[in-house]
Amino acid sequence: ITGIVFAKDVGNFISNLFGKNSSEGVDTAVNNGYVAEVETEYQKAEGISINVDSIIMDDFNFAANFNISLDESYNIDDFEHVEFEDLKIVDETGKTVFITHPYDTELAYKGAYSFSATKISDNELQVSLSATGNPELFPKSKHLTISMTKISTISNFYEGNWNFEVDVPEEFYNRTSTVYKVKSCNDDKTTLTKAVLSNTAFKIELTTTTDKIDYELLHTSNPKSIYDKIALQKEYVETSDGKRFETAQRSDGDGGYTLTSDNTIKYYQTFNLTSFDATDEITVHIFTNTGEEIIIELEKSE
């Protein structure tokens with residue numbers, strides 16, 4: 001079993017440790033020591049050696065870095081885009097924390113994820129996994145078994161057997177999240193259904209009636225983004241000390257909406273606010289595509 005050293009002085013390198021989808025909120029958490037450096041031994045198969053370098057984990061985000069060392073038969077340029085095709089992460093209770101391309105749909109991870117690769121030397125690279133947006137909170141795991149047998153690159157496919165056992169630090173499995181409740185809202189047709197703060201993000205869910213939506217814009221065939229269609233692109237949250245936090249802007253899943261059968265918008269969003277900058281009171285600002293500003297004042301639940 002491999003232990004983890006909880007990182008305290010992580011330096012500039014780790015400030016963007018988890019690849020291109022690392023949000024400002026995740027970076028803030030990392031810079032405050034909320035990251036674990038993992039000291040696993042390299043596992044080698046078919047001339048490809050892999051180890052687990054570091055992880056971060058709370059209710060909303062899971063991220064991991066893997067170091068890869070290649071023998072002389074490989075061209076590292078082929079690994080510019082690399083993905084672990086059947087990566088599976090299971091905890092001590094048998095719960096699947098994360099899985100790619102599952103054969104058993106009951107084990108499917110339903111959130112978004114991405115891989116990105118960074119070249120370290122002529123035969124070494126680091127692969128970052130970013131996973132977020134899962135409708136179910138990540139479990140408070142004490143131990144992780146991480147395994148994979150298939151790696152795909154730009155032009156090739158490799159098979160092997162790479163397995164790692166990792167003990168999770170107490171700061172991860174004893175983590176807490178803060179729930180906020182509504183003090184006031186300037187719009188009686190908007191209801192906040194969830195507002196939860198973790199060490200890496202602030203997530204909200206709300207419903208709003210469709211009289212705030214321009215239907216022509218909403219249903220246009222023009223290939224606009226979700227945020228263009230319902231025009232909630234100016235959302236931000238503000239703490240009581242005047243700090244402003246924008247949306248997370250993670251391409252592996254940070255916000256969206258559904259239009260229900262009763263013409264109600266169900267909307268969720270992730271912000272860069274973390275527990276490290278949180279205050280007892282928070283204000284959510286949302287702008288609709290009809291020009292209205294919805295202001296929701298929140299306070300910590302007891």
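Residues numbered from 1 in each chain as written. Predicted model: local features only at pLDDT ≥ 70, side-chain atom pairs only at ≥ 80, totals over all residues. Heavy atoms only, no water.

### Here we look at the packing of aromatic side chains
With the rule as written, the count across this model stands at eleven aromatic pairs. When the ring of Phe62 is compared with that of Phe138, the centres are 6.2 Å apart and the planes differ by 45°; the resulting orientation is tilted. Of the two residues, Phe62 sits in strand E5 (residues 61-70) while Phe138 sits in the loop between strand E10 (124-132) and strand E11 (143-152), which places them 76 residues apart along the sequence. Here the two residues Phe62 and Phe138 agree in accessibility, since each one is buried. With a centroid separation of 5.1 Å and 85° between ring planes, the pair formed by Phe98 and Tyr113 is classed as edge-to-face. Here the residue Phe98 occupies a position in strand E8 (residues 96-99), and Tyr113 occupies one in strand E9 (residues 112-119), the gap between them amounting to 15 residues. A residue is classified by how much of its surface remains accessible, and Phe98, at 0% relative accessible area, is buried. In this structure an aromatic cluster arises from ring pairing among Phe66, Phe84, Phe98, Tyr113 and Phe115. Lying over the aromatic face of Tyr236, Arg244 brings its terminal NZ or CZ to 3.6 Å of the ring centre. (Phe/Tyr/Trp six-rings, centres within 6.5 Å; stacked < 30°, edge-to-face > 60°. Helix = DSSP H or I, 4+ residues; strand = E, 2+ residues; numbered from the N terminus. Buried < 20%, exposed > 50% of the residue type's maximum accessible area, 1.4 Å probe, protein only. Lys NZ or Arg CZ within 6 Å of the ring centre and 35° of its normal.)

### Section: the pairing of E8
When a strand is regular, its side chains alternate between the sheet's two faces. Across three bridges, the pairing between strand E7 (residues 88-91) and E8 is antiparallel. Note on E8: the bridge partner recorded for Lys88 is Ile99. Where E7 folds back on E8, the antiparallel hairpin that results is connected by four residues, among which Gly94 adopts a positive phi of roughly 90°. (Pairing = 2+ DSSP bridges.)

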